[in-house]
Amino acid sequence: MKHNSEQWTSKIGFILAAAGSAIGLGAIWKLPYVAGTSGGGAFFLIFILFTLFLGLPLLLAEFTIGRYTKKEAISAYREIAPGTYWNWIGKLGVVTSFLLLSFYSVVGGWVVIYLFRSLTVNIQVMETNDFGQMFSDTISNPFLAITAQFIFLALTILVVQGGIQKGIERSSKIMMPILFVFFTLIVIRSLTLDNSIEGIRFFLLPDFSSLTGETTLFAIGQAFFSLSLGVSIMVTYSSYLKSEESLVKSATSIVSLTIFISLLAGLAIFPAVFSFGMEPSEGPPLVFIVLPAVFSSIPLGNVFFFLFMTLLLFATLTSAFSLLEMVVASITKNEGEKRRKTTVITGIFIFIMGIPSALSFGYLSDTLFFGNTFFDALDYLVSNIMLPMGALFISLFTPRYLSKSTLFAELRKGSRVKLYVLQIWYVLLKYVTPVAIIIAFLHVVGII
Ligand code: PFF
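Keep in mind the model is a prediction, meaning the values are calculated, not measured.

Novice: Help me out: how do you make sense of the site of the ligand in this one?
Specialist: Every one of the 14 residues lining the ligand counts as a neighbour, but Ala 22, Leu 25, Gly 26, Tyr 104 and Phe 225 are closest to it. The contact in question runs from an oxygen atom of the ligand to an N or O atom on the backbone of Leu 25, over 2.9 Å. In the environment of the ligand, an oxygen atom lies 2.5 Å from a nitrogen or oxygen atom belonging to the side chain of Tyr 104. About the coverage of the ligand: the protein hides 100% of its 340 Å² of free accessible area. Those elements giving two or more residues to the shell around the ligand turn out to be helix H1 (11-22), helix H2 (25-37), helix H5 (88-120), helix H10 (213-226) and helix H14 (301-332). Of the residues assigned to the shell around the ligand, the class counts are eight nonpolar, six polar and no charged.

Novice: Whenever I open this one, a nonpolar patch on the surface confuses me. Can you help?
Specialist: Taken together, the side chains of Leu 45, Leu 49, Leu 52, Phe 53 and Phe 208 make up a nonpolar region of the molecular surface, amounting to roughly 430 Å² of accessible area. By the secondary structure assignment, Leu 49 is in helix H3 (residues 41-69).

Novice: Please explain unusual backbone geometry as it appears in this structure.
Specialist: Of all residues except glycine, most have a negative phi; of all peptide bonds, most are trans. In this structure, Asn 195 takes a positive phi of about 65 degrees despite not being glycine. Looking at where Asn 195 falls in the secondary structure, it is placed in the loop between helix H8 (163-191) and helix H9 (196-204). By relative accessible area, which is 42% here, Asn 195 ends up partly exposed. Of note, the phi angle at Ser 228 is positive, near 55 degrees, even though the residue is not glycine. With respect to the helices and strands, the residue Ser 228 is situated in the loop between H10 and helix H11 (233-238). The class for Ser 228 is buried, based on a relative accessible area of 9%.

The rules behind each value
Residues numbered from 1 in each chain as written. Predicted model: local features only at pLDDT ≥ 70, side-chain atom pairs only at ≥ 80, totals over all residues. Heavy atoms only, no water. Near = heavy atom within 4 Å. Polar contact = N/O pair within 3.5 Å; in protein donor to acceptor, adjacent residues only side chain to side chain. Areas by Shrake-Rupley, 256 points an atom, 1.4 Å probe, with all protein chains shown as cover. Helix = DSSP H or I, 4+ residues; strand = E, 2+ residues; numbered from the N terminus. Nonpolar A, V, L, I, M, F, W, Y, C, P; charged D, E, K, R; others polar. Patch = residues over 30% accessible without salt bridge, like charges linked within 9 Å, V, L, I, M, F, W, Y side chains within 5 Å. Salt bridge = Lys/Arg side-chain N within 4 Å of Asp/Glu carboxyl O. Buried < 20%, exposed > 50% of the residue type's maximum accessible area, 1.4 Å probe, protein only.

Structure representation (structure tokens):
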């Protein structure tokens, strides 16, 4: 049996890379604005519950499949269920990663532009309205948007080309700690603003009257998106993990880190928003308009603006690495000599695919698909259909093709996890997760 030649050098390297995949625009950009428009604290609370009771079991399932087979996603499903169509979960994951990175890199490009601006523009002399103008000028300028997307993808290609140890692990080990430190600085600044308590209350005190079926669905989707689940990226990442490392410990660390960063994101943003009398329901531009506007009126504003954009870039890049790695690993089947060329060629195709998304806020803003711009339509297709579908298939596949004893044995390697914990996990994975996803789907299509 041919196994991966690639391997993480350490458990911490693996945890930081997988947490890097998880922590990204989902936690720092999407969660605050969705929470801001969907009821604040109540949304955050159910997001945490879904992360723990649906996300964590699924993450463990993906880890088990990857480490058990030590193969990239498509081959992993093929090895466990030979002669069946189940390897299409892996193929779906590759297509999903490809499409997701094509529009994720557009927002990554905006972050590159804003990081550059934090060094060149004196935000302290700008008025609140100027920030709205700056954002729309940024996203609607075709040349700027496409160039920035290109730079973002070039950085991603550069790292993924280096392979698992020298590329992804090494850069995650540098970027993730910096992200945590910078985030802590921003949160301290935000919490020490006047009236920050209003924001904390909005974000942490649940008001369940604001929850609807729709927002509950958003919270499930957000939980999967935030943990990079349903794409089999975590299958691929765990296939590079040594057998003696504990999957349970790694998964709990990754989930805790993701929840922690989501909490920090809310604590950085909402106190600042309330302190300056702005609207939490501002939507997607929350971190690109409201936050810079807030930074502009505090001492050392430009420095905090720079720190925030740096951490956002690092978070976005480490997620992009995993998306590109997923595609590259499945094409090269981890034959080292093919990696460099394949990474560049795949990256170029993703860039080309991303161009209509980059133009969706300017040139193509009137070209609609099902009433949405290309960017929004693709985001909807990937985040609300392909990702949950992948998650559903994985939750159905795992208990069907891997016996309880095989699963438990894999999860017990390097870990003294109690049997009853594994039993609970099994029930959550086999019954609760698929039922929750199916209910969510039926709700979306209006059947319930
Ligand atoms: N988890 C990433 C984020 O929250 O930004 C996004 C993501 C990456 C989703 C990889 C899915 C994925 F497979």
